[in-house]
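# Examination of the molecular architecture
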Amino acid sequence: KAGVTQTPRYLIKTRGQQVTLSCSPISGHRSVSWYQQTPGQGLQFLFEYFSETQRNKGNFPGRFSGRQFSNSRSEMNVSTLELGDSALYLCASSPEAGEDGELFFGEGSRLTVL
Amino acid sequence: GNSVTQMEGPVTLSEEAFLTINCTYTATGYPSLFWYVQYPGEGLQLLLKATKADDKGSNKGFEATYRKETTSFHLEKGSVQVSDSAVYFCALRTSGGYQKVTFGTGTKLQVIP
């Protein structure tokens, strides 16, 4: 069974540009969540989608947005990039939102903003 | 709000040493608790979990017990190996929290031969 796939794995952008990251969850998983990982802040929750609906959102500015498609694939977009957006962006999927459910993570997309 | 505090790293141990990584939490309600591990260049993967007080999660020689009275979920292993070198994250999720998991800042473990 294929794991969570994130693309691209690495990318470099300049300030002011925008970026779109993609996440394909494990087949059959309907919930996708996104996290930002930085050395200083650790893992910060961005948002979570289930059946194309955003159910939960973290404390990030409106420049960070996302969506989920009918096949459960998800994208996140960051507009007007800032240097501080440099991070590893992790996507995680889960079959359902059970409280004790395991999150399955992709390897991440490493974004560098110059 | 919810929060997870874990010991600062890096932690450097010799092979076969005993490992403890402390984790305490603050949460509303009754959270489920997790330890995730991140090997170099990879995403996180679940190491173990516990869903109610006094539960003990275990996997690959690692153990952690859900202590409600001390709001703790310390990770232990009796004899670490070089292959255990990774970053370890303590995490929680509360009832109704959907997929919003709160993570600690991570503790880097380095095991030397």
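Look a little higher up for the structure.
Below you will find a few notes about this structure. (Residues numbered from 1 in each chain as written. Chains lettered and ligands numbered in written order. Predicted model: local features only at pLDDT ≥ 70, side-chain atom pairs only at ≥ 80, totals over all residues. Heavy atoms only, no water.)

This next bit is on the overall build of chain B. A tally of regular secondary structure across chain B gives zero helices and twelve strands. Each helix and strand of chain B, placed in order from N terminus to C terminus, yields the pattern β-β-β-β-β-β-β-β-β-β-β-β. Radius of gyration (C-alpha) of chain B: 14 Å, near the 13 Å computed for a compact globule of 113 residues. Along the first, second and third principal axes, the C-alpha set of chain B runs to 45 × 30 × 20 Å. Taking all 113 residues of chain B together, 46% fall into the buried category. Intrachain contacts of chain B at a sequence separation of at least 6 include 55% that bridge at least 24 residues. Accessible surface, chain B: about 5300 Å² in total, of which carbon and sulfur atoms supply 48%. Mean positive and mean negative side-chain charge positions of chain B (10 and 10 charges, respectively) differ by 9 Å. (Helix = DSSP H or I, 4+ residues; strand = E, 2+ residues; numbered from the N terminus. Rg over C-alpha atoms; globule rule 2.2 N^0.38 Å. Buried < 20%, exposed > 50% of the residue type's maximum accessible area, 1.4 Å probe, protein only. Contact = heavy atoms within 4.5 Å. Areas by Shrake-Rupley, 256 points an atom, 1.4 Å probe, with all protein chains shown as cover. Lys, Arg positive; Asp, Glu negative; His and termini not counted. Charge placed at Lys NZ, Arg CZ, Asp CG, Glu CD.)

Turning to the nonpolar core, a few remarks are in order. Core analysis: the largest hydrophobic core is formed by 26 residues, its most contacted members being Trp 35, Leu 47, Leu 48, Phe 73, Leu 75 and Tyr 88 of chain B. Secondary-structure elements contributing two or more residues to this core are β2 (11-14), β3 (19-21), β4 (23-26), β5 (32-38), β6 (44-50), β8 (62-65), β10 (86-93) and β12 (107-112) of chain B. With four residues, β10 of chain B is the single largest residue contributor to this core. Dropping the residues within four chain positions of it, Leu 75 of chain B is found in contact with Leu 19, Thr 20, Ile 21, Trp 35, Leu 47, Leu 48, Phe 62, Glu 63, Ala 64 and Tyr 88 of chain B. Core analysis: the next-biggest nonpolar cluster, separate from the first, contains 21 residues, Phe 47, Met 76, Val 78 and Ala 87 of chain A among them. (Core = buried A, V, L, I, M, F, W, Y, C linked by side-chain atoms within 4.5 Å.)

With that settled, consider the side chain of Gln 6 of chain A. Residue and element names in this part refer to chain A. The residue Gln 6 is located in strand β1 (residues 5-7) in this model. When its relative accessible area of 4% is taken as the criterion, Gln 6 is described as buried. Of note is the side chain of Gln 6, whose polar atom sits 2.9 Å from the backbone oxygen of Tyr 89. Polar side-chain contacts of Gln 6 include one of 3.0 Å to the backbone nitrogen of Gly 108. Not counting residues within four places of it along the chain, the set of residues in contact with Gln 6 comprises Ser 22, Trp 34, Tyr 89, Leu 90, Cys 91, Gly 106, Glu 107, Gly 108 and Ser 109. (Polar contact = N/O pair within 3.5 Å; in protein donor to acceptor, adjacent residues only side chain to side chain.)

A word on the state of the cysteines. All names here are of chain A. Taken as a whole and assessed by the stated rule, the structure comprises two disulfides over all chains. The disulfide partner of Cys 23 is Cys 91, and the S-S distance across this bridge is 1.8 Å. With the S-S bond torsion at -60°, the cross-link from Cys 23 to Cys 91 turns out left-handed. Remark: Cys 91 occurs in strand β9 (residues 87-94) and Cys 23 occurs in strand β3 (residues 19-24); sequence separation between them is 68 residues. Residue class for Cys 91 comes out buried when judged on its relative accessible area of 0%. (Disulfide = S-S within 2.5 Å.)

Moving on: the pairing of β4 of chain B. All names here are of chain B. By the alternation rule, side chains of β4 split into Cys 23 and Tyr 25, which are all buried, and Thr 24 and Thr 26, of which none is buried. Pairing of strand β1 (residues 3-6) with β4, which is carried by four bridges, proceeds in the antiparallel orientation. Looking at the pairing, Val 4 lines up with Tyr 25 of β4. (Pairing = 2+ DSSP bridges.)

Before going further, it helps to examine the environment of Asp 85 of chain A. Residues and elements named next belong to chain A. Of note, Asp 85 is situated in the loop between β8 (74-78) and β9. Look at Asp 85 and you get buried, because its relative accessible area is 3%. Between the C-alpha atoms of Asp 85 and Arg 15, which are 70 residues apart in sequence, the distance is 9.4 Å. With residues near it in sequence (within four places) discarded, Asp 85 still touches Gln 36, Arg 63, Phe 64, Val 78, Thr 80, Leu 111 and Val 113.

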